[in-house]
Amino acid sequence: MNVSTSPLHIRPEIIRDQQATDVPAVEKALTPFERIYRIGFVRKAALLIALAVIWETYGRWLGNPLLFPTFTATIEAFWENLANGVIPARALSSIQTLLIGYGIGIALASILTTVAIGSQIGTDLLETLTSMFNPLPAIALLPLALIWFGLGQGSVIFVLVHSVLWAIALNTHSGFRSVSNTLRMVGMNYNLRGLRLVGKILIPAAFPSILTGLKVGWAFAWRTLIAAELVFGVSSGSGGLGWFIFENRNQLETANVFAGLFTVIMIGLFVENVIFAAIERNTVQRWGMQS
Amino acid sequence: MTLPAQSAPLLDVDGVTLQYKTRDALVTATYRVSFEVHRSDRFILLGPSGCGKSTLLKAIGGYMSPVEGAIRLKGREVKAPGPDRMMVFQEFDQLLPWKSVIENVVFALEASGRSSGREAMDKARHYVDMVGLSKFADSYPHTLSGGMKQRVAIARGMAMEPDVLLMDEPFAALDALTRRKMQDELLQLWEDTKFTVLFVTHSIEEAIRCGTRILLLSPHPGQVRAELNSLTAEEVGTASQVALEARINDMLFAH
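Just so you know, these numbers come straight off a predicted model, no measurement behind them.

**Some words on the overall build of chain A**
Consideration 1: Counting its regular elements, chain A contains 12 helices and 0 strands.
Consideration 2: Along chain A, from the amino end to the carboxyl end, the secondary structure elements read α-α-α-α-α-α-α-α-α-α-α-α.
Consideration 3: At 29 Å, chain A has a C-alpha radius of gyration far larger than the 19 Å of a compact globule built from 291 residues.
Consideration 4: Its C-alpha atoms give chain A principal-axis dimensions of roughly 100 × 65 × 35 Å.
Consideration 5: Taken across its 291 residues, chain A has 32% of its residues classed as buried.
Consideration 6: Restricting the contact set of chain A to residue pairs at least 6 apart, pairs at least 24 apart contribute 67%.

Below is the structure:
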């Protein structure tokens, strides 16, 4: 073949026997500041401190503890109520009510989804019920609950169940439906049928969705609980955190109101970032199933 | 090797017609397909897409029943899925992601009641070892490569010691190099335990390398075109492989 007529540009091969010795370091340590800045926790803590400073400055500048107590006054009120056992008792009462409602909600959701995966009409039932009740704010049911269950824990639990049930049922059901057909076939290959197939294959396979449902349900329940307690918190004398906030507002103890809100936030953050995060780390993240 | 028991087929597929419904049609996947699989066969179902080979394997697995004909394993009609016919699927998601490699095998043994406790653990270790994954026994499936996942699925299938191992294009989703390696490993495993395997593929080359007997299916609907003997290990790679490939090619794509 004639080289001059080839469309290719012919050029010699390149082979390097010697590699450069003066290359820059392949790996270089970051400066301490860079390393600290990379930790998300540190960045968020810095933001929180900045917000606290702004709060304190504004509170002092306003000089009206009835309207807007300073950060230090709030913390003081918080410690005081923590030490004399008022906040722990109220928080405990709130959490107790919440767990009962949450538990009943989970149980009802499992029954509903079990019915739903069993048949088409069950699925239709679940879909109809969730689309009807999911948009209905739990608080809107409170007047009805008062008529049915009277003033007390029963009514709060009723609205709690309503707020938890639909979120969990919806997520669990969609989780079951998204389980791959291959996994179902694998389970059947092991002679698993009916409830054993649900328990040993479907529930773990749908666990990412179920966990999402539990988290959403928890968040709904926590908000609903505080709101419901604000309306009527006195159940069997003690009352929960919502009642604590309401009570202190009536007595114009604004610092205590802030302390109550602070507790609500802290408990919410704890459950979200410690309890659920730990469950997530040990299950879906470990299994590489994060949805 | 000519025991009287040997003469009865292990798996008897007798005039099987399979149909399934899609959204707007009733599809006949196979029409009156018959064949026999004997003990220690490496029986290949080969054909182009649409010949119903995967559907046929699902029916043998017990996931669907024939509208005509019968499938018998050791003389008993197949009615439902069971651990005497272990499936190895093409999909990588056939392992339970919430269980480690060893737990996947142990769970299969315990859930099906094949064995339990210490015995299941020992058996699982043995088979995980056989597919060369002892180092990864405690790893979760999502940390494994595709080839390793398929090895676990094969180990799981073999640990159950089924009458027949059903493999549905198990290497189709792997890259060419891994695929070749897995074929050799499968043959090595077969040399060691002489298990019976029914293997679905659409690759003529894979059929010849892996099979002792090859069933050719023609498409739409799947019907038996031929049942051929494959080559011995020594003949693979020689002119006879080229000849057999050409023969199969002609039969499948002649018209």
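Further notes follow.
**What about the interface of chain B and chain A?**
Consideration 1: Between chain B and chain A, the residue contacts involve 17 residues of the former and 16 residues of the latter.
Consideration 2: At the level of secondary structure, the elements contributing two or more residues to the side of chain B that touches chain A comprise strand E6 (85-88) and helix H3 (101-111) of chain B.
Consideration 3: Each residue belonging to the side of chain B that touches chain A can be placed in one class, and the counts come to 11 nonpolar, 4 polar and 2 charged.

**Some points on the nonpolar core**
Consideration 1: Ranked by size, the top nonpolar core spans 129 residues in total, and within it Leu160(A), Val105(B), Ala155(B), Leu166(B) and Leu198(B) carry the most contacts.
Consideration 2: With 14 residues, helix H7 (residues 153-177) of chain A is the single largest residue contributor to this core.

**Quick notes on the domain arrangement of chain A**
Residues and elements named next belong to chain A.
Consideration 1: Each assigned domain of chain A is listed here: domain 1 (35-61 + 69-84) and domain 2 (90-285).
Consideration 2: Here the C-alpha centroids of domain 1 and domain 2 sit 30 Å apart.
Consideration 3: Between domain 1 and domain 2, the contact holds 6 residues from the first and 6 residues from the second.
Consideration 4: Residues of the side of domain 1 that touches domain 2, tallied by class, amount to 4 nonpolar, 2 polar and no charged.

**Structural notes on the packing of H7(A) against helix H10 (residues 207-231) of chain A**
Residue and element names in this part refer to chain A.
Consideration 1: As a packed pair, H7 and H10 sit with axes 8 Å apart at the nearest point and diverge in direction by 165°. Between H7 and H10, the angle is such that the two are roughly antiparallel. The element H7 and its partner H10 pack so that their crossing is right-handed.
Consideration 2: Looking at the contact of H7 with H10 residue by residue, the classes come out as 15 nonpolar, 10 polar and 1 charged.

**Some remarks on the packing of H10(A) against helix H12 (residues 254-285) of chain A**
To characterise two packed helices, one gives the angle between the axes of the helices and the distance between these axes.
Residues and elements named next belong to chain A.
Consideration 1: Their axes nearest at 12 Å, the elements H10 and H12 cross at an angle of 170°. As far as their axial angle goes, H12 and H10 are roughly antiparallel. Along the contact surface, H10 presents Phe207, Pro208, Leu211, Lys215, Trp218, Trp222 and Ile226, while H12 presents Val264, Gly268, Val271, Phe276, Ile279, Glu280, Thr283 and Val284.
Consideration 2: Partitioning the contact of H10 with H12 into residue classes produces 11 nonpolar, 2 polar and 2 charged.

**Structural notes on the domain arrangement of chain B**
Residue and element names in this part refer to chain B.
Consideration 1: When its domains are assigned, chain B resolves into domain 1 (7-84 + 165-253) and domain 2 (96-161).
Consideration 2: The leading source of residues in the side of domain 1 that touches domain 2 is helix H6 (residues 176-193), at 3 residues.
Consideration 3: Residues that form the side of domain 1 that touches domain 2 fall into these classes: 9 nonpolar, 1 polar and no charged.

**Side note on the environment of Ala206(A)**
Consideration 1: Mapped onto the secondary structure, Ala206(A) falls in the loop between helix H9 (194-205) and H10.
Consideration 2: Not counting residues up to four positions away in its chain, the partners in contact with Ala206(A) are Thr172(A), Gly175(A), Phe176(A) and Val179(A).

**Topic: the sheet that holds strand E4 (residues 68-73) of chain B**
All names here are of chain B.
Consideration 1: One open sheet holds the 4 strands; their spatial order is E2-E1-E4-E5, and the pairing between them is antiparallel. Each having just a single partner strand, strand E2 (26-37) and strand E5 (76-77) make up the two edges of the open sheet.
Consideration 2: By the bridge criterion, 2 bridges tie E4 to E5 in an arrangement that is antiparallel. Paired with arginine 72 across the bridge in E5 is glutamate 77.
Consideration 3: With respect to the sheet, helix H2 (residues 53-61) is in contact with strand E1 (11-21), E2 and E4, its orientation differing from that of E1 by roughly 115°.

**Quick look at the UniProt feature "domain: ABC transporter" (unreviewed entry) in chain B**
Consideration 1: Sites flagged by UniProt as "domain: ABC transporter" (unreviewed entry) map to residues 11-244 of chain B.
Consideration 2: Helix makes up 34% of residues 11-244 of chain B and strand 27%, and the two end C-alpha atoms of the span are 26 Å apart.

**With respect to the UniProt feature "transmembrane region" (unreviewed entry) in chain A**
Residue and element names in this part refer to chain A.
Consideration 1: Those places that UniProt annotates as "transmembrane region" (unreviewed entry) correspond, in this numbering, to residues 99-121, 133-151, 197-220, 226-246 and 258-279.
Consideration 2: Helix makes up 47% of residues 133-151 and strand 0%, with an end-to-end C-alpha separation of 23 Å.
Consideration 3: Each end of residues 197-220 is marked by a C-alpha atom, and these two atoms are 31 Å apart; helix forms 96% of the span and strand 0%.

**Description of the pairing of E6(B)**
All names here are of chain B.
Consideration 1: With burial as the criterion, each face of E6 is covered, one bearing Arg85 and Met87 and the other bearing Met86 and Val88.
Consideration 2: Judged from the 4 bridges that link them, E6 and strand E7 (residues 164-168) form a sheet pairing that is parallel. The residue of E7 that forms the bridge with methionine 87 is leucine 166.

The rules behind the values
- Residues numbered from 1 in each chain as written.
- Chains lettered and ligands numbered in written order.
- Predicted model: local features only at pLDDT ≥ 70, side-chain atom pairs only at ≥ 80, totals over all residues.
- Helix = DSSP H or I, 4+ residues; strand = E, 2+ residues; numbered from the N terminus.
- Rg over C-alpha atoms; globule rule 2.2 N^0.38 Å.
- Buried ≥ 20, exposed ≤ 12 C-beta atoms within 10 Å, placed from the backbone.
- Contact = placed C-beta atoms within 7 Å.
- Nonpolar A, V, L, I, M, F, W, Y, C, P; charged D, E, K, R; others polar.
- Core = buried A, V, L, I, M, F, W, Y, C linked by C-beta atoms within 7 Å.
- Domains from an automatic or database assignment.
- Axes fitted to C-alpha atoms, helices over the stretch in contact; angles between N-to-C directions.
- Parallel < 35°, antiparallel > 145°, perpendicular 65-115°, else oblique.
- Left-handed = near helix turned anticlockwise from the far one by under 90°.
- Pairing = 2+ DSSP bridges.
- UniProt positions renumbered as here; feature names shortened; annotations may be inferred.

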